[in-house]
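Each chain, written out:
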Amino acid sequence: MSLDLSNYELTWPAFLFVSEGERILKSAGPSWADRAEWLMTEALSGTTAVADFRERVNHHDVDPWASTASGWGRSVVVTKHEWFSELISRTSEIRSAAAPRPYWPQRQGRDSSIDGSTAQDARRDFARVVGDFVDNGYLAEHFGEECVDAPDVLPDASALIERRLGIPGLWPLAPETWDEDTFYGLIEVFHDLVSRPRMRRYHDFCNCGWHHSEFHNGPARILYRAKVDELLRAVGTEYELAAEGEDLGRLVAVTDDARGQLMHHALNDSPPDITAGVRHAIALYRSRDASPESKRSAIFNLGRILEERRTLIKDQLGKDEGALFEIANRFDLRHRRADQRGEYDEAFLDWIFWWYLSTVELTNRLITSRNAS
């Protein structure tokens, strides 16, 4: 079987589609096909893939004589499970959905949107993103869903948001009324509220509609971060939602790929005895509202880890290890003595933080190497 992928476009991160697809393939029972259709409805643009999937037969409907290899006058019968399995295994070949190429008015400069998005555009786009999550049942676990068979009063969504954010009257969303703090606060709140329903069923009585179940916040938050980070980049906002660490789901300063990888390794490869300190230092440093004091505290946490590893560093660097601690001791970073220097640009704090974090990551590798030998 060779699946034609040319008509499919992926609207999800590829790794998330693969992860959810592989979970479905491992599931048992007749409902797996419904789950597969729901996944494709969400993750692939349009309905083409679902239509192709529905043309396939279930495994138990296959005539064993008709499913033998072609060449003797019999054609190969591809089951839904085989078709879906190949789709998931070849996800890397599916192109990502992109915005349409500019149309005539845009190419002629008659569309004001080509000048770039504004902060207000970002708030409206965010409201649309949340609306899409609502339509797909991602807030049903917390907000509930209306049903003609259960006309109970639904949870008060506005009150739920107010309990978390401390601001009343934020649901339904009204982006034209938000200031910057409210907007950013809502971004973080909805990260914590979304849950992906892995199952849905259609309730046709009185056209009640879709009802969702089997919620899981892990894939929902991955998808939410991808959607929100994309719209923040579109308006040049230098923040993104943290994908790991103590500040998971909170807006943090964007870093370049290399430093992002350094943080990732430090967060995931540190031994248990320093993991909490590393996570706290990174959260302090990259917070959206990080102050010089926060950065000093972050450096202090990393410096304390390096002090505990001073013998290891000295064994590897010899007498040069003193230089690592001299700056922290002579400048207003850790001990806060009267003879320390305190007047310097904040960029100095950034330099020391990255130097210390990279040294922590280096000592992690040295310890791993020593333990493996």
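Here is a short report on the structure shown in this document. Fair warning: this is a prediction, and the values are worked out from it, not measured in the lab. (Residues numbered from 1 in each chain as written. Predicted model: local features only at pLDDT ≥ 70, side-chain atom pairs only at ≥ 80, totals over all residues. Heavy atoms only, no water.)

**Some details on helix H4 (residues 80–89)**
Because an α-helix packs 3.6 residues into every turn, residues spaced three or four apart end up facing the same way.
Phase 1 of the analysis: Among all positions of H4, only Lys-80, Trp-83, Phe-84, Glu-86, Leu-87 and Ile-88 are buried.
Phase 2 of the analysis: Those residues of H4 that are buried are in contact with helix H1 (14–26), helix H2 (32–43) and helix H3 (48–54). (Buried < 20%, exposed > 50% of the residue type's maximum accessible area, 1.4 Å probe, protein only. Helix = DSSP H or I, 4+ residues; strand = E, 2+ residues; numbered from the N terminus. Contact = heavy atoms within 4.5 Å.)

**Looking at the packing of helix H8 (residues 157–165) against helix H9 (residues 180–193)**
Phase 1 of the analysis: Remark: H8 packs on H9, axes separated minimally by 10 Å, with the N-to-C direction vectors making an angle of 110 degrees. On the basis of their axis angle, the class for H8 and H9 is roughly perpendicular. Where H8 abuts H9, its residues Leu-160, Ile-161, Arg-164 and Leu-165 lie against Thr-182, Gly-185, Leu-186, Val-189, Phe-190, Asp-192 and Leu-193. (Axes fitted to C-alpha atoms, helices over the stretch in contact; angles between N-to-C directions. Parallel < 35°, antiparallel > 145°, perpendicular 65-115°, else oblique.)

**Concerning the packing of helix H6 (residues 119–135) against helix H10 (residues 217–234)**
Phase 1 of the analysis: Relative orientation of the contacting elements H6 and H10 amounts to 160 degrees, with a least axis distance of 10 Å. Here H6 is positioned roughly antiparallel relative to H10, judged by the angle of their axes. As for how H6 packs across H10, the hand of that crossing is right-handed. Contacts from Ala-122, Asp-125, Phe-126, Val-129 and Phe-133 of H6 reach H10 at Ala-220, Leu-223, Tyr-224, Lys-227, Val-228 and Leu-231.
Phase 2 of the analysis: Broken down by class, the residue content of the contact of H6 with H10 amounts to 9 nonpolar, no polar and 2 charged. (Left-handed = near helix turned anticlockwise from the far one by under 90°. Nonpolar A, V, L, I, M, F, W, Y, C, P; charged D, E, K, R; others polar.)

**Examining the side chain of Asn-364**
Phase 1 of the analysis: Mapped onto the elements, Asn-364 comes out in helix H16 (residues 346–372).
Phase 2 of the analysis: Note on Asn-364: relative accessible area 5%, which makes it buried.
Phase 3 of the analysis: Once you skip the residues sitting within four places of it in the chain, Asn-364 turns out to touch Asp-269, Ser-270, Pro-271, Ile-274 and Arg-309.

**Brief notes about the packing of aromatic side chains**
Phase 1 of the analysis: Throughout the structure, instances matching the rule amount to 22 aromatic pairs.
Phase 2 of the analysis: Ring geometry for Phe-53 and Trp-83: centres 5.7 Å apart, planes at 55 degrees, overall tilted. Placement of Phe-53 in helix H3 and of Trp-83 in helix H4 is noted, with a sequence separation of 30 residues between them.
Phase 3 of the analysis: An aromatic cluster of at least three residues, connected via ring pairs, comprises Phe-126, Phe-143, Trp-171, Trp-178, Phe-183, Tyr-184, Phe-190 and Tyr-239.
Phase 4 of the analysis: The ring of Trp-210 is capped by Arg-200, whose NZ or CZ atom sits 3.6 Å from the centre of that ring. (Phe/Tyr/Trp six-rings, centres within 6.5 Å; stacked < 30°, edge-to-face > 60°. Lys NZ or Arg CZ within 6 Å of the ring centre and 35° of its normal.)

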